Structure formats: structure tokens, C-alpha cells
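# Per-entry structural report
The lines below spell out each chain.
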Amino acid sequence: MEVNITESAPVPDPLALDEPRAEEVEETEDNTQSVWEHDPLSQIPIKVLRGHTDTISSCQLAFSDQKLVTSSHDKTAILWDVESGRPLRVFEGGHTAPVSQCALIPQKNRLITASWDKTLQAWDLETGQTLWSVPQEGLLTSCSASGDGEVVASASDMVNGLCLTCTDTGKQITFIKGHHKSTITRCCFDPLGQHVATVSSDKTIKLWDQRSRHSTLSIASSHTSVISNCCFTRDARYLCSASWDKTLQLWDVSTGTFRSHGGKSLSFAHDGCVSACMFSHDASLLVSGAYDRTVAVWDMKAICKLLLLKGHMDWVMDVAISEDKKWVVSCSKDKTVRMWNIEHTEEIPAVIETRRTQAQGYQIIKCEECARSFSVFRMESDATNKCVFCRLKAPTKYIPLPPPCS
């Protein structure tokens, strides 16, 4: 497979579509052509990776953000070296239909791919060989590996089912037929490995508990269209759902405060259906991608949009963000992967102005005890109704005992 690697820089204004730029072709040591796109006024440097021949359906960073894996409708997956932007391994010949999603398992040095050919397959990262291939009921729309790498969850379209499979052997652990009333668009393990979240075109969100083998939470969301994607914060407290209604919603699935107040909506960033979402490692940022060809970066403390990155020529299918929050990755129907360097976005005037005018993360409420006004983070407001002074005056639940006499 011929692979071209392009490094480029985006538009002068991060809120406007980039225009065609001059290209300079250089010959590398291995005679592979590298195309460099230049924009002297650019504020956000990017790298563009070209290697797939059809829609790129998913992207995932791994191995301390040194590697990137992508899957595609061209029936392949590619493992990339992030530093050089070069492909390390192309996984091909195993599927006969588009690969909808892939999941890296670093602990076992293997890759899991889910495909519309109704099979789930495991690959060896070193050799590129297929370790096992198992048929499932219906085309597979999604897959997700547990944090310990022992189990992979996959979603089947035909029976709206959720399947849990052993990553070592490919043996089925659990299969839940009719888990949703309509197509499951995405399944996602929480970082603690206890729950699998699923979202569906039936506009509901469900959490499946591995220990009890039952759905422990079902949310009839306020989304008005298909829920296309979901992601957890690292502590598994918050779940974000992305929808074709052009919005994202935040759900506190740990405390359940959404039951009385509903999810917190993130709106007015995308003009098209939202297809993907991903929290940063520390949950301070949220990245989303949409069919309007844009990638949005959200400040989760202020609950506001920081950036709207434009440059893809077709639908954005999936997004990722590095642990150090320097790089945002997006893949698209335009057959490219873009890596956006957002390390210095705090210096961009548009971002400074956004923080000043759109910060909505904190609100002023009155203490129920002393009636003093104080500010509280909106995502915590449902659980906090006393100011810090009254909370400090309250007796602690734990009173330590004196040390025993010698």
C-alpha cells in the first residue's frame, strides 16, 4: 500500500476553513515523497497523514502517545509512528468489508478490529498476523477494550446486541441480544473496566455492569436525534454523549444528579451532526468532531468552546487527544488524519477572548446555611449547597482515636 505523509499548518484564523496552499515536494532517504504545505500566518501547526484509500473510521493514540492506530473503510488498519508520521504496520487481508473501529491492547501487543463483514479479529502488532477471527451476529458498528486488556466489547447491528469477548482466545463471554431498541452506534468501556456504556439511534444511553451482568443504568436522554458516540472521564464519573442533533451532553453517572436536572448540554459549536467526542487525560478538555468538517475543543472548567478547527474536506469521523494535551487528532471521510498542535493556543487572541466572554463554568449561588454568596463549578453545583466556611464548621464524619497507652 502506497503511503504519503504530509506535514502542514492550518489556517491563519482557527475559526475559518483553510484554503489550498503552496506545496513543496522533498525526497526522503528512502525515496518516499513527503509533501509539505506552508502557511506563514498559521497559528496552529498540524501534520496530515495520508495512507488510507477510503473513509478513516477511527483513530486512537497509545504507547504514551508515541503510536497512533487508525481503521478505515478500505478494509485495513494502520499503526503509525507519531514522531515521524510514518506507518509501522498495515493490517490488511483479514476483512472483506469496512473496518468500523479498532482497539489497541498495549499489554498484549495486539490490535482488535470490528468490521461490517460481521467479524471481530485480533492481530499481532509485531507480525501483522491474524491471531483469531470470530463471526458475530450482524455487522459490527463498534468495539472497545477494557483497561486491563482482558475483554473487548463489540456492538452488533442486526440484533442490537452487545457482546463481550476474551481478547486472548476470542471466546464469547457474554452476549446481550436486544440490548437497545435500535442500532447501537458506539460501545465504550469505562477506564475502571467495570461498566460498558452503549449509545444508540433509539436516543438512549445504557451502562452494562460486568460483575452483575445486568444493565445498571438506562438514561432516556434529551437528545432529539441519534446518539452517535460517547466517552468517559478517566475517573469514570462523567460520561459525554454526542448526537446527530448537533449537541453534546454531560452526564454525572457516578452520583446520578442528572436524574433531577438532566444532562448538561454543550451546544452551538457544530453546524452538523456530532460524530465523535473524547476527554483529555485530566478531563480539563473535551474534543468533538462533526459532519460539518470541524473539530471543537472545549474547556470543561468553564464549559465553553475554546477552538473550532477547520481544514478537513469531509466528515470528521473520530477524534483523540494526547495525554499532555499538546495534540488533537482527527480522522475524516476525506481519507486523511490530522494532528493539530494546540500547545500554545492560550496565546491566540481568539482563545483569550473566548475565555473572557464565554466562560460559563461557574455560577453564583447562596449558601443554604449562612446565605452568603459563593461561586461553584456548574458540574458540581447539584451536589454543593454550602459555602466552604460552613462546610469547614461542620463536624467531620471521622474522629480519630487517641494513640494507645504504652
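Cut-offs applied
- Residues numbered from 1 in each chain as written.
- Predicted model: local features only at pLDDT ≥ 70, side-chain atom pairs only at ≥ 80, totals over all residues.
- Heavy atoms only, no water.
- Helix = DSSP H or I, 4+ residues; strand = E, 2+ residues; numbered from the N terminus.
- Buried < 20%, exposed > 50% of the residue type's maximum accessible area, 1.4 Å probe, protein only.
- Areas by Shrake-Rupley, 256 points an atom, 1.4 Å probe, with all protein chains shown as cover.
- Lys, Arg positive; Asp, Glu negative; His and termini not counted.
- Salt bridge = Lys/Arg side-chain N within 4 Å of Asp/Glu carboxyl O.
- Contact = heavy atoms within 4.5 Å.
- Pairing = 2+ DSSP bridges.
- Axes fitted to C-alpha atoms, helices over the stretch in contact; angles between N-to-C directions.
- Polar contact = N/O pair within 3.5 Å; in protein donor to acceptor, adjacent residues only side chain to side chain.
- pLDDT = per-residue confidence, 0-100.
- Core = buried A, V, L, I, M, F, W, Y, C linked by side-chain atoms within 4.5 Å.
- Phe/Tyr/Trp six-rings, centres within 6.5 Å; stacked < 30°, edge-to-face > 60°.

### Some points on the overall build of the protein chain
- Along the protein chain, the regular secondary structure elements total three helices and 33 strands.
- By residue count, 56% of the 406 residues in the protein chain fall in the buried class.
- Accessible surface, the protein chain as shown: approximately 18800 Å² in total, 51% of it carbon and sulfur.

### Section: unusual backbone geometry
- Phi at D65 is positive, roughly 65 degrees, even though this residue is not glycine.
- Structurally, D65 is set in the loop between β5 (56-62) and β6 (67-72).
- For D65, a relative accessible area of 18% translates into the label buried.
- Positive phi outside glycine occurs at A236, with the angle close to 65 degrees.
- As for its placement among the helices and strands, A236 is situated in the loop between β21 (227-232) and β22 (238-243).

### Here we look at the side chain of R186
- Within the fold, R186 resides in strand β17 (residues 184-189).
- At 4.5 Å, D318 is the nearest oppositely charged side chain to R186, a buried residue that forms no salt bridge.
- Once you skip the residues sitting within four places of it in the chain, R186 turns out to touch Q101, S142, A197, T198, V199, S228, N229, C230 and D318.

### Side note on the sheet that holds strand β8 (residues 86-91)
- Pairing is antiparallel across the open sheet formed by four strands, whose spatial order is β5-β6-β7-β8. Since the sheet does not close on itself, it has two edges, and those belong to β5 and β8, each with one partner. For this sheet, the mean angle separating the axes of adjacent strands, direction not counted, is 20 degrees.
- One ladder, built from six bridges, connects β5 with β6; its direction is antiparallel. Following the sheet pairing, C59 is matched in β6 by T70.

### Overview of the side chain of Q249
- As for its position among the elements, Q249 is in strand β23 (residues 248-252).
- Exposure remark for Q249: the relative accessible area of 4% places this residue in the buried category.
- A polar atom in the side chain of Q249 sits 2.8 Å from the side chain of S222.
- When residues no more than four places from it in sequence are discounted, the contact partners of Q249 are S222, H223, L239, C240, S241, G263, K264 and S265.

### Some thoughts on the environment of W123
- Checked against the element boundaries, W123 lands in strand β11 (residues 119-124).
- Look past the residues within four positions of W123 in its chain and what remains in contact with it is F91, E92, G94, H95, N109, R110, L111, T113, G128, Q129, T130 and L131.
- A distance of 2.8 Å separates the side chain of W123 from the side chain of T113, its partner in a polar contact.

### Some remarks on the confidence of the model for the protein chain
- In this model, the protein chain carries a mean pLDDT of 83, and residues with pLDDT of at least 70 account for 77%.
- Note on residues 1-41: pLDDT is under 50 here. Beyond four places in sequence and across chains, it has 112 contacts.
- Note that residues 396-403 has pLDDT below 50 and, in this model, zero contacts with residues that lie over four places away or in other chains.

### Re the sheet that holds β22
- With antiparallel pairing, the four strands of this open sheet are ordered in space as β21-β22-β23-β24. Only two strands of the sheet have a single neighbouring strand rather than two, namely β21 and β24 (264-266). Between one strand axis and the next, the sheet turns through 25 degrees on average, direction left out of account.
- Relative to β23, β22 runs antiparallel, the two being bridged by five bridges. Across the sheet, residue S241 finds its bridge partner in β23, namely Q249.

### Observations regarding the nonpolar core
- Counting residues in hydrophobic clusters, the biggest one holds 17 residues, and the most contacted among them are V295, L307, L309, V328 and W340.
- Those residues within four positions of V328 in sequence are excluded, and the remaining contacts are V287, V295, V297, A320, I321, R338, M339, W340 and I342.
- Counting 16 residues, the second-largest nonpolar core is a separate cluster that includes A242, L266, F279 and A296.

### What about the packing of aromatic side chains?
- Under the criterion given, the structure shown has four aromatic pairs.
- Ring geometry for W251 versus F258: centroids 5.7 Å apart, planes at 85 degrees, classification edge-to-face. Here the two residues W251 and F258 agree in accessibility, since each one is buried.
- Between Y291 and W315, the aromatic rings sit 4.2 Å apart at their centres with planes inclined by 10 degrees, giving stacked as the arrangement. Here W315 lies in the loop between β28 (304-310) and β29 (316-321) and Y291 lies in the loop between β26 (285-290) and β27 (294-299), a separation of 24 residues in the sequence.
- Overall, Y291 belongs to the partly exposed group, its relative accessible area being 23%.

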